[in-house]
Amino acid sequence: MIPWFAISAALFGVYGLYQGLFVAPTDYQQGESYRIIFVHVPAAWMSLFIYVVMAVSAAIGMIWQIRLSDMVASASAPIGASFTFLALVTGSLWGKPMWGAYWVWDARLTSELILLFLYFGYMALQSAIEDQRTADKASGLLAIVGVVNIPIIHYSVVWWNTLHQGATVTKFAKPSMDISMLIPLLLMAIAFQLFYFAVVLVRTRNEALFRDRNRRWVRELVAKL
Amino acid sequence: MNWAKFFDMGGYAFFVWTSYGLTFVLLVANVVSPILQRKKVIARVKRAIKREAMVVENQAVENRADKNRVTENQDTGNRAAENKTP
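The present account deals with the structure reproduced in this document. What you are looking at is a predicted structure, and each value in this text was computed from that prediction instead of being measured. Counting restarts for each chain: residues are numbered from 1 in the order of the written sequence. Ligands are numbered from 1 and chains lettered from A, in the order in which they are written. In view of the model being predicted, local features appear only for residues whose pLDDT reaches at least 70, and side-chain atom pairs are presented and counted only at 80 or more, with totals across whole chains, interfaces and linings using the full set of residues.

We now examine the overall build of chain B. Think of it this way: any DSSP run of H or I at least four residues long counts as a helix, any run of E at least two long counts as a strand, and we number them from the N terminus. Counting its secondary structure elements, chain B contains 2 helices and 0 strands. Expressed as a percentage of its 86 residues, the buried residues of chain B come to 14%. Backbone-placed C-beta atoms define the burial measure: a residue is buried with 20 or more other C-beta atoms within 10 Å of its own, exposed with 12 or fewer, and partly exposed in between.

See below:
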């Protein structure tokens, strides 16, 4: 399944880039700088999506003691952290020409920064605690508590008077975005999603090999390699 | 299509291309790091297998040596017992 996800992610990515960089028209207000949207928004969506996956699988791991679930959670964290970081940096690179500042303490930006720290906290707990079960419990609890931040991020542009613009796609009304710009955005979002599936599977497999390194199935598997 | 104009991005070249460049770098890092991680885990398990095999072998050698020593002792012990009996 990993090669399928990887190949389709690459196809969607290339086609999305082509649509986004060559086909989509110039924005009447922001000129060409708006093209950052095609990496910024999918990265931000992934940062939220991966966090929810991580928290839900950590919860499943805690409640039903499913080891694979804990592995998925800890495999997701570094990927989620990198997408969060990407969303923040591309956002600030977009903010500089449009708002005149790389960073403002806007509710959307601040809550997204907290999300990055939640990922870092999870990863730190995972690697700081020697006993794997204790590590899963501690970091899982952090992940579950951190979920409150997800709706805060999403609704931050509604609840507070933010510099960051409101939702243009994820709302019940028609997206306030032209179809020629929406298509590349969605293509890139699908590409990022497929990319995550491919990477998280590889990472979960590594995690399983590492955690069961003293068990017979890993020994037999590795002996064959 | 004018390439110079395309790369200029209406004067926003630095912001747009830095964003895309960073995205590319992060995606590549996300592909490379789990591959390296996998290699590391496999190497670690292989080393462990080798080490354990060595331990088992050493133990076998030691056991054989112990056994020889025991039989030797028994031999000498028997001889000593023989010597005792007049």
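Now for the overall build of chain A. Helix and strand counts for chain A stand at 8 helices and 0 strands. Counting only C-alpha atoms, chain A reaches 65 × 35 × 30 Å along its principal axes. Looking at chain A residue by residue over its 225 residues, the buried ones come to 40%. We call two residues in contact if the C-beta atoms placed from their backbones are at most 7 Å apart. Sequence separation of 24 or more characterises 75% of the internal contacts of chain A that already satisfy a separation of 6 or more.

Residues and elements named next belong to chain A. Compared with the 48 Å implied by 1.5 Å per residue over 33 residues, the 46 Å span of helix α3 (residues 67-99) between its first and last C-alpha is a close match. Bend, in this description, refers to the angle at a residue between axes fitted to the seven residues ending there and the seven starting there. Largest kink in α3: about 30 degrees, centred on Ala-77, with the proline Pro-78 one to four residues after it. The positive-phi residue at the C-terminal boundary of α3 is Gly-100, with phi of around 90 degrees. By this rule the span expected of a helix is its residue count minus one, scaled by 1.5 Å.

Taken together, the contact pairs 30 residues of chain A with 24 residues of chain B. If you list the elements that add at least two residues to the side of chain A that touches chain B, you get α2 (37-64), α3, α7 (179-211) and α8 (216-224) of chain A. With 9 residues, α3 of chain A is the largest single contributor of residues to the side of chain A that touches chain B. Amino acid classes used here: Ala, Val, Leu, Ile, Met, Phe, Trp, Tyr, Cys and Pro are nonpolar; Asp, Glu, Lys and Arg are charged; the rest, including Gly, are polar. Of the residues assigned to the side of chain A that touches chain B, the class counts are 17 nonpolar, 7 polar and 6 charged.

Turning to the environment of Ala-107 of chain A, a few remarks are in order. Residues and elements named next belong to chain A. Within the secondary structure, Ala-107 is located in helix α4 (residues 107-128). Along the backbone, Ala-107 and Trp-160 are 53 residues apart, and their C-alpha atoms lie at a distance of 6.7 Å. With sequence-adjacent residues up to four places away left out, Ala-107 is seen in contact with Ser-156, Trp-160 and Thr-162.

Moving on, we come to the packing of helix α1 (residues 2-23) of chain A against α7 of chain A. Residue and element names in this part refer to chain A. Inter-axis angles, ranging from 0 to 180 degrees, are taken between N-to-C directions of lines fitted to C-alpha atoms, where helices are fitted over the stretch in contact. Running from amino to carboxyl end, α1 crosses α7 at an angle of 155 degrees, the nearest separation of the two axes being 7 Å. With respect to their mutual orientation, α1 and α7 come out roughly antiparallel. The handedness of the crossing between α1 and α7 is left-handed. Any angle between 65 and 115 degrees counts as roughly perpendicular, while under 35 counts as roughly parallel, over 145 as roughly antiparallel, and the rest as oblique. It is the rotation of the near helix from the far one that decides the hand of a crossing: anticlockwise by less than a right angle makes it left-handed, clockwise makes it right-handed.

Even without being glycine, Gln-65 of chain A reaches a positive phi, approximately 55 degrees. Looking at where Gln-65 of chain A falls in the secondary structure, it is placed in the loop between α2 and α3.

With respect to the helices and strands, the residue Val-147 of chain A is situated in the loop between α5 (132-146) and α6 (149-159). Between the C-alpha atoms of Val-147 of chain A and Leu-48 of chain A, which are 99 residues apart in sequence, the distance is 9.4 Å.

Residues and elements named next belong to chain A. Running from N to C, α2 and α5 point in directions that differ by 135 degrees, and their axes come no closer than 8 Å. Classed by the angle they form, the pair α2 and α5 counts as oblique. Between α2 and α5 lies a crossing whose hand is left-handed. Here Met-54, Ala-55, Ala-58, Ala-59, Gly-61 and Met-62 of α2 come into contact with α5, specifically with Asp-136, Lys-137, Gly-140, Ala-143, Ile-144 and Gly-146.

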